[in-house]
Amino acid sequence: AERFPFDQDLLLQARYVGHAKLVPILNVSSDGSATIGLWCRAVRARVQLSGNAMRIEPGPLPQGLPRYQTDGQCTSRRMAADSDTLAALIQVTGWRRRGDRVTLTGPRPLRFQVSDH
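Residues numbered from 1 in each chain as written. Predicted model: local features only at pLDDT ≥ 70, side-chain atom pairs only at ≥ 80, totals over all residues. Heavy atoms only, no water.

Empty space among the atoms becomes visible once a probe the size of a water molecule is rolled across them. Applying the stated rule across the entire model yields 1 cavity of 30 Å³ or more. Lining the largest cavity we find Leu12, Pro24, Ile25, Leu26, Ile36, Thr85, Leu89 and Phe112. Among the elements of the structure, strand S2 (25-28) and helix H1 (76-90) are those that each provide at least two residues to the lining of the largest cavity. When its residues are assigned to classes, the lining of the largest cavity shows 7 nonpolar, 1 polar and no charged. (1 Å grid on protein atoms, 1.4 Å probe; cavity = no way out; pocket = protein on both sides within 12 Å on 5 of 7 lines; lining within 4 Å. Points joined across faces, edges and corners; volume = space filled by probe spheres on them. Helix = DSSP H or I, 4+ residues; strand = E, 2+ residues; numbered from the N terminus. Nonpolar A, V, L, I, M, F, W, Y, C, P; charged D, E, K, R; others polar.)

Here we take up the environment of Ser30. Among the structural elements, Ser30 can be located in the loop between S2 and strand S3 (33-37). The residues contacting Ser30, other than those within four sequence positions of it, are Phe6 and Asp7. (Contact = heavy atoms within 4.5 Å.)

Tallied over the entire structure, the rule returns 4 salt bridges. Put simply, Arg97 and Glu2 hold a salt bridge, and the shortest N to O gap is 3.8 Å. Separated by 95 residues along the polypeptide, Arg97 in strand S6 (residues 94-98) and Glu2 in the segment before strand S1 (10-12) bring together distant segments of the chain. With a relative accessible area of 23%, Arg97 lands in the partly exposed category. (Salt bridge = Lys/Arg side-chain N within 4 Å of Asp/Glu carboxyl O. Buried < 20%, exposed > 50% of the residue type's maximum accessible area, 1.4 Å probe, protein only.)

Our focus in this paragraph is the layout of surface pockets. Within this model, the largest pocket holds a volume of roughly 180 Å³. Looking at the largest pocket, it is lined by 13 residues, and the ones nearest its centre are Leu12, Ala14, Trp39, Arg108 and Leu110. Listed by contribution, the elements that provide at least two residues to the lining of the largest pocket are H1 and strand S8 (110-114). For the lining of the largest pocket, the leading source of residues is H1, giving 3 residues.

Along the chain, the position of Leu110 falls in strand S8. On the accessibility criterion, Leu110 (3% relative accessible area) is buried. Between the C-alpha atom of Leu110 and that of Ala88, which follows or precedes it by 22 residues, the distance is 7.9 Å. Residues in contact with Leu110, not counting those within four places in the same chain, are Leu12, Ala88, Leu89, Val92, Val102, Thr103 and Leu104.

Here H1 is 15 residues long and its end C-alpha atoms lie 21 Å apart, about the 21 Å a rise of 1.5 Å per residue gives. The inward-facing, buried residues of H1 contact S1, S3, strand S4 (42-50), strand S5 (53-58), strand S7 (101-105) and S8. (Expected span 1.5 Å × (residues − 1).)

We now examine the nonpolar core. With 28 residues, the main nonpolar core has Ile36, Ile56, Leu104 and Phe112 as its most contacted residues. When residues of this core are assigned to their parent elements, the largest contribution, 4 residues, is made by H1. Excluding anything up to four places from it in sequence, Ile36 contacts Ile25, Leu26, Arg41, Ala42, Val43, Ala45, Ile56, Pro58, Leu86 and Leu89. (Core = buried A, V, L, I, M, F, W, Y, C linked by side-chain atoms within 4.5 Å.)

Our next topic: the packing of aromatic side chains. Considering all chains together, one arrives at 2 aromatic pairs under this definition. Plain terms: the ring middles of Phe4 and Phe6 are 5.2 Å apart, the flat faces sit at 55 degrees to each other, and that makes the pair tilted. Residue classification places Phe4 among the buried positions, given a relative accessible area of 7%. Phe6 sits in the partly exposed class, given a relative accessible area of 29%. Centroid distance Phe4 to Trp95: 5.1 Å. Interplanar angle 90 degrees. Geometry classified as edge-to-face. (Phe/Tyr/Trp six-rings, centres within 6.5 Å; stacked < 30°, edge-to-face > 60°.)

The following block contains the structure:
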């Protein structure tokens, strides 16, 4: 069995939402703390791993936009995608890895690519 890629950026394999070429990024530290960069906003989270079982407990989704977002980057569509992606992450129950691909399992599987940067 392959090890979970701690302290590495995991890029969600998804189509871009809008014009910005940005996808959500998950980074989990070995102590269970995590950051989740969504389509517009970011949240901190706690991740519990036990074998191939996984549970993600994110903090609240910020109401305001990050300072670095320019006008038009965070459309209502991207804001809705934040909520949708976060809801899917909350429902994750497990994970598996094959090479540089990590799939989080649950009602809606989420496929990530380990960043090579």
